[in-house]
Amino acid sequence: MVLQETVVAKTDEASRDFIFRSKLPDIYIPNHLPLFDYVFEKFSGDVSGGQTCLIDGTTGRTLTYSDVHVASRRVAAGLQSLGVGKGDVIMLLLPNSLEFAVSFLAAAYLGAIATTANPLFTAAEIAKQSRASAAKMVVTQRCFAGKVAGLQNDGVLVVITDEDGPDEGYVRYKKLTESDETKLDRPEIRPEDTVAMPYSSGTTGLPKGVMITHKGMVTSIAQKVDGENPNLDYKEGDVILCFLPMFHIFALDALLLSGIRAGAALLIVPRFELSLVLELIQRYKVTVAPVAPPVVLAVVKSPEAEKYDLRTVRMVMCGAAAVKKELEEAVRLRFPNAVFGQGYGMTEAGTLAKSLAFAREPFEAKSGACGTVVRNAQMKIVDPTTRASLPRNHPGEICIRGDQLMKGYLNDPEATARTIDEDGWLHTGDVGYMDEDDELFIVDRMKELIKYKGYQVAPAELENLLISLPEIEDAAVIGMRDEVADEVPVAFVVRSQGSKLNEDGVKDFINKQVVHYKRIKAVFFLDAIPKAPSGKILRKELRTKLEAEHPK
């Protein structure tokens, strides 16, 4: 594939900005379209309607493009009949499933907003997000219904996707799927209307609702699968494996919606189980396998992988963290016909960079790089102190600008202003540099966020819980390096006077209140938490102490 060379960095004499762009030319993006209309823009009932769109990897049930299009409009009509309208928020508290995909598309078609949540959250975590987002409805499975029962007292409708079992005052999802789509009164949807609101801790602090617009999500998808050099990620007829959680922006944006736009089939798996995933790759002749580093490690280390034919996989995509060269080479042995590419993204900005290895020669990705800037976007590297932009091979904070950015954080203009500056640059909180070939390398994290197998853990959230315990006077949480999980949360605790609280007591207190990946893995007791005169926790000192006393 011959790719047009463009000027990828320039110096503006007035601002002295070094701005990096994609090696690919910018493209026309129809981001005036509502998200639903855009992803199905190439859909034709006569031509493509019979193509496979979604496959349930557990049951084998298959939905064609025509099935998904109709089902989404019917569920939208059902939502409207229950009082859900444009701008209303519905919470999707579901594992990966056909119902998750159709419900999200239905909300988008109706002009409603979907806030996504991990179904393994505790009842308290779910209630906090539901109230913060002002959710009008929760769509979930019966096994999670007990966690949301209390929300009914707030007037929240609960929709259960299971077909069996008593109603118990819930609304059956089947009722929505049997609605008459011809009676739907679809409102006008504007590009700046919010369509999705996942929660993210951003660069610091507590989880916040990220308002992603129709325009932003359309742009993010188009940057990956549209244009004169199409199919850099997917092509029509691809079978894309999806066990990464759909409630996370990576699977929602880069797998589900991008896959539909490209005309691919999405093989939906509720969770990662090595033998099941390998068997499904072989059975359905999977061509694209998006993974996270812990999965890569599991596939490489397990002799189980040798039993399956993985030759149909033409592309292995890795996100969430960089993969070391040795691991990358081992992956190539397991998937002999696949190119290997890495990507870098965040909830607030979609995909920022991705490997042009997806396009095969001559852009083979460098080991450890997370790719080049996506099309129709600008990137710069700035000095964290002076905010001056930096040239190639100088590490600084990564900043991105483009139509794919979030509109802002829900009801939090201060956090929004700290993240997106007055010139429209989103400050990621990640430290990296651009090399002479315009490959982006991430070397450090400015932000306090802990990444556990790709999941976000906000230290402030755990610290607030810790200091709510009377036996704890002060506390700080940081991430500790872990070979499998990347990072795990550990706590530094100052006991209240006279307290005999031990490590198990701290862990038990926290672990009962949070989802598994937020659980404290170790506790270290101190006489005082190191802080700056402003009161800010000096996490760098804690990391130094941790590395000195507990080297990994």
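Rules behind the numbers
Residues numbered from 1 in each chain as written. Predicted model: local features only at pLDDT ≥ 70, side-chain atom pairs only at ≥ 80, totals over all residues. Heavy atoms only, no water. Axes fitted to C-alpha atoms, helices over the stretch in contact; angles between N-to-C directions. Helix = DSSP H or I, 4+ residues; strand = E, 2+ residues; numbered from the N terminus. Parallel < 35°, antiparallel > 145°, perpendicular 65-115°, else oblique. Contact = heavy atoms within 4.5 Å. Nonpolar A, V, L, I, M, F, W, Y, C, P; charged D, E, K, R; others polar. Buried < 20%, exposed > 50% of the residue type's maximum accessible area, 1.4 Å probe, protein only. Polar contact = N/O pair within 3.5 Å; in protein donor to acceptor, adjacent residues only side chain to side chain. Pairing = 2+ DSSP bridges. Phe/Tyr/Trp six-rings, centres within 6.5 Å; stacked < 30°, edge-to-face > 60°. Lys NZ or Arg CZ within 6 Å of the ring centre and 35° of its normal. Core = buried A, V, L, I, M, F, W, Y, C linked by side-chain atoms within 4.5 Å.

Enquirer: An account of the packing of helix α3 (residues 98-110) against helix α8 (residues 249-262) is requested, with residue identities and associated values reported.
Expert: Packed helices, taken two at a time, are described by their axes: the angle between them and the distance between them. Running from amino to carboxyl end, α3 crosses α8 at an angle of 80°, the nearest separation of the two axes being 12 Å. The angle between α3 and α8 falls in the class roughly perpendicular. On the side of α3, the interface is formed by Phe-100, Ala-101, Phe-104 and Leu-105, while α8 contributes Leu-252, Leu-256, Leu-257 and Ile-260. Counted by class, the contact of α3 with α8 contains eight nonpolar, no polar and no charged residues.

Enquirer: Report on the environment of Asn-118, specifying residues and quantitative values.
Expert: Mapping Asn-118 onto the fold places it in the loop between β6 (113-116) and α4 (123-133). Accessibility expressed as a relative area gives 4% for Asn-118, which makes it buried. The spacing of Asn-118 and Val-515 is 397 residues in sequence and 8.6 Å in space, taken between C-alpha atoms. Polar side-chain contacts of Asn-118 include one of 2.9 Å to the backbone nitrogen of Leu-120.

Enquirer: How would you explain the pairing of strand β20 (residues 378-382) if you had to name every residue and give the values?
Expert: Across the five residues of β20, five count as buried, placing the element largely inside the fold. Here β20 shows two buried faces, one formed by Gln-378, Lys-380 and Val-382 and the other by Met-379 and Ile-381. The pairing of β20 with strand β22 (residues 396-401) spans five bridges and is classified as antiparallel. Counted as the bridge partner of Gln-378 is Arg-401 from β22. The sheet contact formed by β20 and strand β21 (residues 389-390) spans two bridges and is antiparallel. By the bridge assignment for β21, Ile-381 is matched with Leu-390. From the end of β20 to the start of β21, which pair antiparallel, there are six residues, and Arg-387 there has a positive phi angle of about 70°.

Enquirer: Account for the packing of aromatic side chains, naming residues and giving values.
Expert: Scanning the entire structure with this criterion turns up nine aromatic pairs. Considering the side-chain rings of Phe-40 and Phe-43, the 6.0 Å spacing of their centres and the 85° angle between planes classify their relative orientation as edge-to-face. Here Phe-40 falls in the buried class, since its relative accessible area comes to 5%. For the ring pair Tyr-433 and Phe-441, a centre distance of 5.2 Å and an interplane angle of 5° mean the geometry is stacked. In this structure Phe-441 comes out as buried when scored by relative accessible area, which is 14%. Among the aromatic residues, those joined into a cluster by ring pairs are Phe-36, Phe-40, Phe-43, Tyr-65 and Tyr-109. Above the face of the Tyr-109 ring, Arg-186 is positioned so that its terminal group lies 3.9 Å from the ring centre. Taking the ring centre of Phe-525 as reference, the NZ or CZ of Arg-495 above it sits at 3.7 Å.

Enquirer: Give me the nonpolar core: which residues, what numbers.
Expert: In this structure, Leu-35, Leu-54, Met-217 and Leu-257 are the most contacted members of the largest nonpolar core, which totals 123 residues. The element contributing the most residues to this core is α3, with eleven residues. Beyond its immediate stretch of four places on either side in the chain, Leu-54 contacts Arg-61, Thr-62, Leu-63, Val-68, Leu-98, Ala-101, Leu-256, Leu-266 and Ile-268. In terms of nonpolar packing, the next biggest core, distinct from the first, is built from 56 residues, Ala-127, Val-158, Tyr-170 and Ile-510 among them.

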